[in-house]
Amino acid sequence: MTTAAPSAAPSEASSTIEARLTQDRQRRIRSGGGLAIGVAVLVAVQIALSSLGGFPESLVIPLADWIDDARRWVINNQTSHWSFSFFFNPVSDMIDWGLRAVEWFLLWLPWYVVVGATAMIATSVLGLRAGLLTGVGVLYFGAIGLWTESLQTVALMAVAVAISVAIGVPVGIAAARYDRLQQALRPALDAMQTLPAFVYLIPVVLLFGVARVPAIIATVVYALPPVIRLTNLGIRTVPAATVEAAEMFGATPRQTLRKVQFPLALPSVLTGINQTIMMALSIVVIAALIGAGGLGQVVLVSLRGLFVGRALEAGLAIVVLAVIMDRVTHGAAGIGTRRRLRLMPDTLAHVKPIRWVEGVLSSIDGGLSRAGSMMAVRMSRKLGVEALGRHPRKVLGGALLLAGTLVGAVSGRVEFPGAISFSFADRIDWLVDWVRDNLYEIGGTWFGTGWFSDSITIYAVTPLRELFSSDLAWPVVVLAVALASWRLGGPALAAFCTACAAGLGFLGMWTLSMDTFAQVIVAVAMAILCGIPLGVLAARSDRFERMLKPVLDFLQTIPSFVLLVPVIIMFNVGRIPGIIASVLYALPAATRLTNLGIRQVAGEATEASRAFGATRGQTLRKVQLPLAAPSIIAGINQTVMLVLAMVVIAGLVGGGGLGLETVKGLRRTDSVGSGFVAGMAIVLLAMLLDRMLQAWTRRFTPVEGGN
Amino acid sequence: MVAAAGDEAERAGIEVAAPLVCTEITKVFGEDLAAAMALLDEGASRQVVQERTGCLIAVRDATFSVERGEIFVVMGLSGSGKSTLIRCLSRLIEPTSGTVEIDGTPIGDLDDEGLRELRRSRLSMVFQHFGLFPHRKVIDNVAFGLEIQGATKADRYERALQVLEVVGLKDWTDHFPQQLSGGMQQRVGLARALCVEPEILFFDEPFSALDPLIRRDMQDELLSLQASMRRTLVFITHDFHEALKLGDRIAIMKDGEFVQVGTPEQIVSAPADEYVREFTEDAPKTKVVTVGSVMRPLDGETPAGEPVSVGAVLDDVLPRLLASPEELCVADDQGQVVGTVDRDQVAALLDEGSRAGAAAGDRTAEPR
């Protein structure tokens, strides 16, 4: 070993390190350089075209006029053309007949039978506590004087869901069998789920006019994807070995399906039906816009007249309906339900009085079940139906309900009694006034909800809208979309996104689209700023996660439209409540997926980081967040889509933009064309954002090795 | 348990068609099957075919027949194509070429209906991960085959209860499969396969998911069942010891091809190549090799003493050989003395095995 060696080695090493660092720096400059050049090009184009501003009228395709023509043709030919007399009208008549029948039946049943039946179903699926709460929930419909409207909504839902299931399950089964069908369906289903519910109403109105049947059709179209998807998925995830075993025993494809695949897929199918019900409920409410009636109508009319209290009462009824339907179908989807006679959470089980009450209940239950089983056994013997003997509780319950129905039919007293009545609309209205008087500027200072709304409007929404719609020349915006999408997903994505962006202009919806887009950006920014930190906190503390979960569950169960009501109480109508409601609506997605992403990071990676002495903050920044990035970006993607859906709906309460234009089209026959075009603009905007965000998500997925 | 029925018939001069005859079964997975098959015909190797066409040769030219009442074991490591092969036998996987004849009927010619009929009436299968139906009770799992055939509930339950009794599960009929242990689940699988009274049973690594002790129990039980029911069995395994224990004949499979087919004794005493020899190294030879194959043929005088059977495995005679240095006389089935055996011959066999094993370590050993 010479003396030179030790000194040479470090310098050699340091020079390679130097080289590395330089390389890194150059790479960073190159990638930053691309961005800088992009921005420079955009600025240059903007300066060159600064006089251009919004999209020129002359380039707009008069699609709206064509659609109005089509609408006129439809109206004129509704009675004569074959496609109506042989297809649309019979379909429409059949649905109408079914709806009337269900509605008539529900309203014919005595109110106490409806309450009892729902409570019994909930009890048998979820246990006594849920059963009692369900009973109270159903009573609430009557107590606020919306019995008929609630059952109308239920009937509407029932018919829509029945049609969805009748179409969705067979299609799902077929998709599971034929790969090609699945491939053909996937993009269609993706698109159907990406679009805001709202958009479906317009083409349906065009074909079927304004009434309850088109509302059902729109609902079916919107609510169909989950049941198809989950039937397909459920059947496809039946273990291959099981199917092979059935084949080996010589089962025909039909036998395999009936005896093996479908029973095993059933939990998944039921989950799909649960999702379908929830989606159906959310659109049935919005469908009030095209004359669906029911609870949605009450909310809508009350909001329009600014009877916020009444709107909240009806909105709460919708929420109650949603929660009942969600929990019951969820419970039904889980196999192996246990009967529980618990009134209180298990943590309170040691409290003496509660145990005592539960003891009494369980002995009553035992007695009832013994009586039921005596009856059931006798009935099963008499009717020769063996199965009856095994379900004493159901037989007893059924007998009670039947007796109740007979009593109702004989006495003729089926209507919800006026004596049971409950209203808090006045108090809410008072609260609205109080909020306006006291929170707008708290204690006469500058601070308050007014300040909050105003600053969001003045410093965020308005400048952004002005920037996109008139300050920037429209080619600059389109070019920016093109460059960004190219960077995210290459030329194919760039072509698609550029076409979407330019399409907004050609449809004549440039200004309105930019208005909506500005609202989306502000709402997404707020949702992310709240949602991701909440998700991080939830991931780090089990206790916080447990506290947060019911809140997020609740926010996700509320139909989007109803969420507007409480926000209006605080912020009055306008763009801001729409944005706030969007934030609330989208918050669960961002929070959940952040939490999930961080929690899914392998314990070993976190442990390794801790073993090297990293602080919690370092572990979060250097290990957990990077590894959770795909999930978090997926959360952002969902956030954006949810915000868009909500912002559009907020058009109803003064949010303006594309939503308002669409609503106008739904309300007034003379603007169906422009409403339709606005709906198409929503579709373009939704697809543009969704594709770009998905490309972004993919870049973070390690499998693709992208960085 | 050598194919007794077939042997007797042959001895009586009657020609009996084997119930299962497979001729040159080849299965290729991939897109460009024609090109792959053409290459195969030219004798190209598996690697070459895969490189040139992207097709995977799962099974290549598998030819064998299984006698009535025989247990035919196909032994190979994972990826050797054995599971694909067994599925070709019932067309759960369609072979790319070659024929499978069951009782003289080429099953490749059957239409869907005919194939179902064949599966319903003659074939049955036990699966590696049991393939039970998790949503059906044990009894409904077992009765599945009969249910598919349209049997009434009373009939199929009666038969299912009989079979469940045979496999020792009659107290578990109303449980669901996931409430049972692995060994019990596979008993359900076995009962389900037996319930339809098939002529031919396919076993796709049925015991490899089980604990060693349970596995041994199940093997013993299968042997005792087979002793009474005498079906034709094709049994897939990756466990050489299991193959030796169960098989009347064993096919060793490697890279989709049969390397050697023979009785356990033939395979252990004369491995066809280095690959097979490696398996035989730590095989329990004394449990497999028979006296007949190590004895010295009779020349001249007949030694005194009670003879040992020519078909006995060495384990059976070791105590006597160890007890005395004298040679023992060996008699055939008719009681005729045909040869002699002593300590040295057995020691030579075992020694040779260990030397071959040591030599195999540096890859210089020559097959015997």
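Residues numbered from 1 in each chain as written. Chains lettered and ligands numbered in written order. Predicted model: local features only at pLDDT ≥ 70, side-chain atom pairs only at ≥ 80, totals over all residues.

A count of helices and strands for chain A gives 26 helices and 0 strands. The buried share of chain A, reckoned over its 707 residues, is 43%. Sequence-distant contacts, at least 24 apart, represent 76% of the contacts inside chain A between residues at least 6 apart. (Helix = DSSP H or I, 4+ residues; strand = E, 2+ residues; numbered from the N terminus. Buried ≥ 20, exposed ≤ 12 C-beta atoms within 10 Å, placed from the backbone. Contact = placed C-beta atoms within 7 Å.)

As a further point, take the overall build of chain B. Secondary structure summary: chain B contains 16 helices and 14 strands in total. By residue count, 41% of the 368 residues in chain B fall in the buried class. Intrachain contacts of chain B at a sequence separation of at least 6 include 66% that bridge at least 24 residues.

Once that is clear, we can look at helix α4 (residues 111–126) of chain A. Residues and elements named next belong to chain A. Between the first and last C-alpha of α4 there are 22 Å, a value that for 16 residues agrees with the 22 Å anticipated at 1.5 Å per step. Buried residues of α4: Trp 111, Tyr 112, Val 113, Val 114, Val 115, Ala 119, Met 120, Ala 122, Thr 123, Val 125 and Leu 126, and no others. Once α4 finishes, Gly 127 follows within two positions and takes phi at roughly 110 degrees, a positive value. (Expected span 1.5 Å × (residues − 1).)

Turning to the interface of chain A and chain B, a few remarks are in order. How big an interface is tends to be stated in terms of the accessible area lost upon association of its parts. At the junction of the two partners, chain A supplies 14 residues and chain B supplies 17 residues. Put simply, the parts of the chain that give the side of chain A that touches chain B at least two residues each are α10 (240–248) and α11 (253–286) of chain A. In terms of residues, the side of chain A that touches chain B owes the most to one element, α10(A), which gives 6 residues. Its residues assigned to classes, the side of chain A that touches chain B comprises 8 nonpolar, 4 polar and 2 charged. (Nonpolar A, V, L, I, M, F, W, Y, C, P; charged D, E, K, R; others polar.)

Right, let's get into the environment of A:Leu185. All names here are of chain A. Along the chain, Leu 185 turns up in helix α7 (residues 179–194). Assessed through the 20 C-beta atoms surrounding it within 10 Å, Leu 185 is described here as buried. Separated by 14 residues in the primary sequence, Leu 185 and Val 171 have C-alpha atoms spaced 9.5 Å apart. When residues no more than four places from it in sequence are discounted, the contact partners of Leu 185 are Ala 175 and Ile 228.

Before going further, it helps to examine unusual backbone geometry. All names here are of chain B. If you check the backbone angles, Glu 205 has positive phi at about 40 degrees while not being a glycine. Note that Glu 205 resides in the loop between β7 (200–204) and α10 (212–229). When the 21 C-beta atoms within 10 Å are taken as the criterion, Glu 205 is described as buried.

Residue and element names in this part refer to chain A. All of the buried residues in helix α8 (residues 201–208) are Leu 201, Ile 202, Val 204, Val 205 and Phe 208. The buried residues of α8 occupy an angular sector of 165 degrees when the element is viewed end-on, so they sit on one face. Remark: Gly 209 follows α8 within two positions and exhibits a positive phi of approximately 80 degrees. (Arc of directions from axis to C-beta.)

A word on the confidence of the model for chain B. Residues and elements named next belong to chain B. On average, residues of chain B carry a pLDDT of 82, and 90% of them reach 70 or more. Element-level mean pLDDT values for chain B span from 48 in helix α1 (residues 4–11) up to 92 in strand β8 (residues 232–237). Below pLDDT 50 for its whole length, residues 357–368 participates in 12 contacts with residues either more than four positions away or in separate chains. (pLDDT = per-residue confidence, 0-100.)

A word on the confidence of the model for chain A. All names here are of chain A. Looking at chain A as a whole, the pLDDT averages 80, with 89% of positions reaching at least 70. Every residue in residues 335–340 is under pLDDT 50, and counting partners more than four places away or in other chains gives 6 contacts. Contacts from residues 703–707, a stretch scored under 50 in pLDDT, to residues over four places away or in other chains number 3 contacts.

So, about the domain arrangement of chain A. All names here are of chain A. Looking at chain A, the domain boundaries give domain 1 (96–343) and domain 2 (439–704). Placing the centre of domain 1 and that of domain 2 at their C-alpha centroids yields a distance of 27 Å. Taken together, the 27 residues of domain 1 in the interface contact 29 residues of domain 2. Only α8, α11, α12 (294–304) and α13 (308–333) provide two or more residues apiece to the side of domain 1 that touches domain 2. A per-element tally of the side of domain 1 that touches domain 2 places α13 first, with 9 residues. Residues belonging to the side of domain 1 that touches domain 2 are distributed by class as follows: 23 nonpolar, 3 polar and 1 charged. (Domains from an automatic or database assignment.)

Looking now at the sheet that holds strand β1 (residues 20–29) of chain B. All names here are of chain B. Sheet architecture is open: 4 strands sit in the order β2-β1-β4-β5, paired in antiparallel fashion. Each edge of the sheet is formed by a strand with only one pairing partner; in this case those strands are β2 (56–66) and β5 (105–106). Bridge analysis of β1 against β2 gives 7 bridges, and the strand direction is antiparallel. Looking across to β2, one finds that Leu 20 is bridged to Val 66. (Pairing = 2+ DSSP bridges.)

All names here are of chain B. As far as domains go, chain B holds domain 1 (4–280) and domain 2 (286–361). Every contact between the two is made by 8 residues of domain 1 and, on the other side, 6 residues of domain 2. Of all the secondary structure elements, the ones that give two or more residues to the side of domain 1 that touches domain 2 are α12 (264–269) and α13 (274–280). Ranked by the residues each element gives to the side of domain 1 that touches domain 2, the list is headed by α12, at 4 residues. Residues belonging to the side of domain 1 that touches domain 2 are distributed by class as follows: 3 nonpolar, 1 polar and 4 charged.

Glancing now at the sheet that holds strand β14 (residues 337–341) of chain B. Residue and element names in this part refer to chain B. A sheet is described by the order of its strands in space; here 4 strands give the open sequence β11-β14-β13-β12, paired in mixed fashion. Edge strands, defined here as strands with exactly one partner in the open sheet, are β11 (296–297) and β12 (308–309). Summarising the sheet, β12 and strand β13 (residues 328–331) pair through 2 bridges and their orientation is parallel. Counted as the bridge partner of Val 308 is Val 330 from β13.

Residues and elements named next belong to chain A. Where helix α19 (residues 510–540) contacts helix α22 (residues 575–600), the two axes come as close as 6 Å, and the packing angle between them is 35 degrees. Note that α19 runs across α22; the crossing there is right-handed. Grouping the constituent residues of the contact of α19 with α22 by class yields 17 nonpolar, 8 polar and 3 charged. (Axes fitted to C-alpha atoms, helices over the stretch in contact; angles between N-to-C directions. Left-handed = near helix turned anticlockwise from the far one by under 90°.)

Moving on to the environment of A:Glu604. With respect to the element layout, A:Glu604 can be found in helix α23 (residues 603–611). Considering only alpha carbons, one finds A:Glu604 and A:Gly450, 154 residues apart in sequence, at a separation of 49 Å.

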